[in-house]
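Tertiary structure, described
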Amino acid sequence: MLNVIVSGSHRKSYNFPFRYFFRIIINPEKLYKRQGTHIEILLDTSDSMWRPDILPEYANYGTNCRVVDGVEVCEFPEWVPKYPSRIQQALEALKEILAYIPADNFVSIYTFSDEVIPIVTMSPPTYAYSQLSNVQKGSQETRLYTALNLVKDADEIIVITDGSPTDPPSRVKEFSGKVIFVGVGKYYNESVLKALADQTNGLLYHVDNLDELFKIFTESVKEYIGAQKVKVFLTSEFPVNLINYSGNPINLGTLEGPVRIYGYIDLPPNFSGKLLEVRVKYNVLEEEEQEIKKELYITTASSKEDFVQSIDQDIVAEGMWYYNLRSLNEHNLNQTINVLKNIAESTKRLDLLEYTRKLADSKGDTKRLNSEVTKRLRK
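The following paragraphs examine the structure supplied in this document. (Residues numbered from 1 in each chain as written. Predicted model: local features only at pLDDT ≥ 70, side-chain atom pairs only at ≥ 80, totals over all residues. Heavy atoms only, no water.)

This part covers the sheet that holds strand 5 (residues 38-44). Sheet architecture is open: six strands sit in the order 11-10-5-12-13-14, paired in mixed fashion. Each of the sheet's edge strands pairs with one partner strand only, and the pair in question is strand 11 (116-123) and strand 14 (203-207). Strand after strand, the sheet turns through a mean of 15° between neighbouring axes, direction not considered. Bridge analysis of strand 5 against strand 12 (residues 156-161) gives five bridges, and the strand direction is parallel. Residue Leu-43 lies in a different strand from strand 12, and its bridge partner there is Ile-160. Across the face of the sheet, helix 4 (residues 190-199) comes into contact with strand 12, strand 13 (178-184) and strand 14 while running at roughly 150° to strand 14. (Pairing = 2+ DSSP bridges. Helix = DSSP H or I, 4+ residues; strand = E, 2+ residues; numbered from the N terminus. Axes fitted to C-alpha atoms, helices over the stretch in contact; angles between N-to-C directions. Contact = heavy atoms within 4.5 Å.)

Shown next, in the form of C-alpha cells:
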C-alpha cells in the first residue's frame with residue numbers, strides 16, 4: 001500500500017493572478033522482497049572501455065597524449081603500473097550485482113558500440129552471470145541513442161558509458177521504469193547524459209572508475225520494494241507545470257522509498273473550486289492494479305490579509321528551491337547557488353542547506369555538478 005499526501009501552497013485565491021505550488025509525497029507503507037522485476041543493463045563496449053587507466057600519480061610520465069574515443073591515450077614506460085580496464089572493472093561489478101539480485105527477478109544485458117548486441121534477455125540473474133564471458137570488444141563508435149531506442153522497457157535500466165554518443169542526437173523512447181546513467185572518467189559528455197536523465201526522469205552518477213558501480217546499484221535498486229509500475233496522473237483545467245519530473249502520466253517505475261513531486265499552476269484571479277486531481281496507479285507483486293485519488297481545492301479570500309494568511313510559505317519555498325535547482329548549470333552557478341542558499345535558510349531545512357553546500361563545492365567540476373543536480377531532483 002502507498003501513502004499519498006498532496007499539499008498546496010495556497011488555501012485561498014484573491015483578485016490577482018498568482019503561482020500556486022503543489023507537492024506530492026508518495027511513500028510505501030510496507031516493503032516487500034523484490035520479485036518479478038526486470039532489470040536491464042546497457043554496457044558501453046567501445047574501444048575506450050578496454051583501455052587500462054594509469055594511476056594518477058604516474059600521469060606525468062605520459063608522452064604523445066591524445067583523446068581517442070573518450071579516453072586520454074598516452075605512451076608510458078613499461079614499468080608504470082596500470083588500473084584494470086574499465087570493461088574489466090564493469091564485469092567484476094556486474095558479477096557482484098547479479099549475485100545480489102534476488103533469484104525470482106529477470107535480467108537483460110545489452111552491449112553497445114557500433115551495434116547493439118543482446119548478451120541475455122529476460123533471464124534469471126544466475127544465467128546472466130554465466131553469459132558475461134560473451135561480452136566482446138566494439139569499435140570506436142558509441143551509439144547511445146540507438147541503444148536506448150532499441151532495448152525493451154524494464155523496471156530499472158542502468159546505462160554505463162565513458163564516452164560521447166557518436167550517433168545522431170534524438171529523443172529517446174519513453175520508459176516506464178527508472179533510468180540510471182553512470183558516466184565514467186573524464187571524457188564522457190555530461191551535458192548529454194544530464195539531458196537524457198532529465199528526459200527519462202532518471203539519475204546521473206559520475207564515477208572516476210567502476211569500482212563504485214556495485215555501491216551505486218545497491219543504492220538505486222534495492223532488495224525490498226514498496227510497489228511496481230507506479231504512475232502518477234495529473235488533471236486540471238489549467239496547464240500543470242512539473243518542476244522535478246516530466247510527463248503526464250509520470251512514470252516512477254519501482255518504488256523503494258519516498259518520492260516527492262513538485263509542480264505549479266498559474267491561477268487566474270478569484271478562482272474557486274477543484275484545481276488539481278492526482279491519481280496514483282500501482283501494483284504490488286502479482287496483485288491487481290490499485291489506485292489512490294487525491295484532490296486539491298481552493299476558495300476565494302475575503303481580503304488581501306485573508307489571502308496572505310492562507311499561504312503555506314514552506315511549500316512555496318520548497319517549490320522555488322527545486323525550480324531554481326532545475327535551471328542550475330555551470331553558466332549561472334554562483335547566482336543560482338546564492339538564490340538556493342537564501343531559500344534554504346528561509347526554510348531552516350538542514351537537508352536543503354547541506355545540499356546547497358554540496359552544489360557549491362562542485363564548482364569547476366561540471367560532471368559532479370550535473371550528477372548532484374539530477375540526484376537531488378529525483379531522490
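More follows now that the structure is in view.
A separate point is the packing of helix 7 (residues 313-326) against helix 8 (residues 333-347). Running from amino to carboxyl end, helix 7 crosses helix 8 at an angle of 160°, the nearest separation of the two axes being 9 Å. Of the possible angle classes, the one that applies to helix 7 and helix 8 is roughly antiparallel. Helix 7 and helix 8 meet at a crossing whose hand is left-handed. Every residue of helix 8 that contacts helix 7 at Ala-317, Met-320, Trp-321, Asn-324 and Leu-325 is listed here: Thr-336, Val-339, Leu-340, Ile-343, Ala-344, Ser-346 and Thr-347. Of the residues that constitute the contact of helix 7 with helix 8, the class distribution is eight nonpolar, four polar and no charged. (Parallel < 35°, antiparallel > 145°, perpendicular 65-115°, else oblique. Left-handed = near helix turned anticlockwise from the far one by under 90°. Nonpolar A, V, L, I, M, F, W, Y, C, P; charged D, E, K, R; others polar.)

What follows is about the pairing of strand 13. Summarising burial for strand 13: seven of the seven residues are buried, a large majority. Residues Lys-178, Ile-180, Val-182 and Val-184 line one face of strand 13 and the alternating positions Val-179, Phe-181 and Gly-183 line the opposite face, and both faces are buried. Pairing of strand 13 with strand 14, which is carried by five bridges, proceeds in the parallel orientation. Looking at the pairing, Val-184 lines up with Val-207 of strand 14. In this fold, the crossover linking strand 13 to strand 14 by way of helix 4 has right-handed handedness. (Buried < 20%, exposed > 50% of the residue type's maximum accessible area, 1.4 Å probe, protein only. Right-handed = clockwise from strand over helix to strand, strands pointing away.)

Attention shifts here to the nonpolar core. Soluble globular proteins tend to bury their nonpolar side chains together. Core analysis: the largest hydrophobic core is formed by 58 residues, its most contacted members being Ile-26, Leu-252 and Ile-261. Look past the residues within four positions of Ile-261 in its chain and what remains in contact with it is Phe-22, Arg-23, Ile-24, Ile-26, Val-232, Leu-242, Asn-244, Tyr-245, Ile-250 and Leu-252. Val-135, Ile-160, Leu-203 and Ile-216 belong to the second largest nonpolar core, which has 32 residues in total. (Core = buried A, V, L, I, M, F, W, Y, C linked by side-chain atoms within 4.5 Å.)

Our next topic: the state of the cysteines. Evaluated as defined, the whole model comprises one disulfide. For Cys-65, the disulfide goes to Cys-74, at an S-S distance of 2.0 Å. Judged by the torsion about the S-S bond (120°), the Cys-65/Cys-74 disulfide is right-handed. Judged by its relative accessible area of 17%, Cys-74 is buried. (Disulfide = S-S within 2.5 Å.)

Before going further, it helps to spend a moment on the pattern of salt bridges. Tallied over the full model, the rule gives 29 salt bridges. For the salt bridge of Glu-190 with Lys-367, the shortest nitrogen-to-oxygen distance reads 2.8 Å. Placement of Glu-190 in helix 4 and of Lys-367 in helix 10 (residues 366-378) is noted, with a sequence separation of 177 residues between them. Just as Glu-190 is buried, Lys-367 falls in that class too. Taking the shortest distance from any N to any O, the salt bridge between Glu-318 and Arg-349 comes out at 2.9 Å. Pair noted here: Glu-318 is in helix 7 and Arg-349 is in the loop between helix 8 and helix 9 (350-361), with a separation of 31 residues, a long-range link. Using a relative accessible area of 5% as the deciding quantity, one classes Glu-318 as buried. (Salt bridge = Lys/Arg side-chain N within 4 Å of Asp/Glu carboxyl O.)

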